[in-house]
Amino acid sequence: MKPDLPPDWKKELQEEISKEYFQDLLQFVKQEYTENTCFPPQDLIFNAFKHSGFENTKVVILGQDPYPNPGQAHGLCFSVNDGVKFPPSLKNIFREIEIDLNKPIPFSGNLEPWADQGVLLLNASLSVRAGEAGSHQKKGWEAFTDSVISLISAKKENVVFLLWGGFAQKKIKLIDQTKHLVLTSGHPSPLSANRGYWFRNKHFSQTNKYLEENGKKPIDW
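This section reports on the structure supplied with the text. Computed from a predicted model, the values in this text were never measured in an experiment.

Moving on: the overall build of the protein. Check the secondary structure of the protein and you find 10 helices and six strands. Over its C-alpha trace the protein gives a radius of gyration of 17 Å, about what one expects of a compact globule, namely 17 Å for 221 residues. Projected onto the principal axes, the alpha-carbon positions of the protein cover approximately 45 × 35 × 25 Å. Of all 221 residues assigned to the protein, the portion counted as buried reaches 52%. If you take every contact in the protein between residues at least 6 apart in sequence, the share linking residues at least 24 apart comes to 65%. In the protein, which carries 26 positive and 26 negative side-chain charges, the distance between the mean positions of the two groups comes to 4 Å.

Contact geometry of helix α5 (residues 88-101) with helix α10 (residues 203-213) gives a least axis separation of 8 Å together with a crossing angle of 60 degrees. One way to sum up the angle between α5 and α10 is to call them oblique. Along its contact with α5, which presents I93, E96, I97, D100 and L101, the element α10 presents H203, F204 and S205. Among the residues forming the contact of α5 with α10, the class breakdown is four nonpolar, two polar and two charged.

By size, the foremost hydrophobic cluster in this structure holds 65 residues, and its most contacted members are W9, F49, I61, W114 and F144. Those residues in contact with F144 that lie beyond four places of it in its chain are L5, L13, E16, I17, Y21, F22, F46, F49 and L126.

The tally for this structure, following the rule as stated, stands at 17 aromatic pairs. Ring geometry for F49 versus F144: centroids 6.1 Å apart, planes at 55 degrees, classification tilted. Highlighted residues: F49 in helix α4 (residues 47-51) and F144 in helix α7 (residues 141-155), separated in sequence by 95 residues. For the pair formed by F49 and F144, the shared burial category is buried. Members of the aromatic cluster, joined through ring pairs, are W9, Y21, F22, F46, F49, F54, W141 and F144.

Definitions and cut-offs
Residues numbered from 1 in each chain as written. Predicted model: local features only at pLDDT ≥ 70, side-chain atom pairs only at ≥ 80, totals over all residues. Heavy atoms only, no water. Helix = DSSP H or I, 4+ residues; strand = E, 2+ residues; numbered from the N terminus. Rg over C-alpha atoms; globule rule 2.2 N^0.38 Å. Buried < 20%, exposed > 50% of the residue type's maximum accessible area, 1.4 Å probe, protein only. Contact = heavy atoms within 4.5 Å. Lys, Arg positive; Asp, Glu negative; His and termini not counted. Charge placed at Lys NZ, Arg CZ, Asp CG, Glu CD. Axes fitted to C-alpha atoms, helices over the stretch in contact; angles between N-to-C directions. Parallel < 35°, antiparallel > 145°, perpendicular 65-115°, else oblique. Nonpolar A, V, L, I, M, F, W, Y, C, P; charged D, E, K, R; others polar. Core = buried A, V, L, I, M, F, W, Y, C linked by side-chain atoms within 4.5 Å. Phe/Tyr/Trp six-rings, centres within 6.5 Å; stacked < 30°, edge-to-face > 60°.

As structure tokens, then:
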């Protein structure tokens with residue numbers, strides 16, 4: 001198995017994907033997809049990078065790992081394919097956008113339109129065994145995606161990082177806050193949202209305000 005990264009990301013990450021741990025990770029993933037049902041489909045593991053190029057990335061949203069249920073995961077964190085029922089966290093994301101920006105909740109939970117505008121929808125782990133959330137954690141994916149966050153922080157300026165929940169917030173140490181905007185809140189999952197840690201965080205309007213202040217086109221959420 002080879003990393004199905006587009007040329008711009010492959011160039012930036014060449015040193016990282018040449019490391020021994022990453023080669024071992026690819027072998028593990030190949031074996032998992034051969035012996036078990038895994039998500040997302042193998043050709044969509046690196047889908048987030050295909051939609052949001054390195055130069056175009058201006059917002060990073062970090063998830064934990066792909067949805068482990070059939071038909072949901074397609075390589076973009078929090079996103080589901082067209083026609084798939086919204087998972088609870090995604091439903092709460094759309095509800096917050098409705099509150100924050102007065103935009104109606106969309107019919108589709110497919111977030112490709114965000115990604116195509118430069119929102120990198122990055123899970124910390126890029127694959128998972130069916131029905132077993134977290135099953136591909138601590139196999140090397142986190143080291144790789146941490147390197148992606150560090151790369152963006154080091155080589156780009158004025159990127160917005162949206163860190164939702166305790167897991168994502170641990171990544172703050174990888175980000176230079178003197179040249180990027182980091183917004184944190186509770187996770188959009190019902191457990192956190194219903195306790196008042198998610199709604200009215202206004203992350204979507206704050207993101208667009210910061211992008212515009214720095215000469216970048218706002219995101220059409």
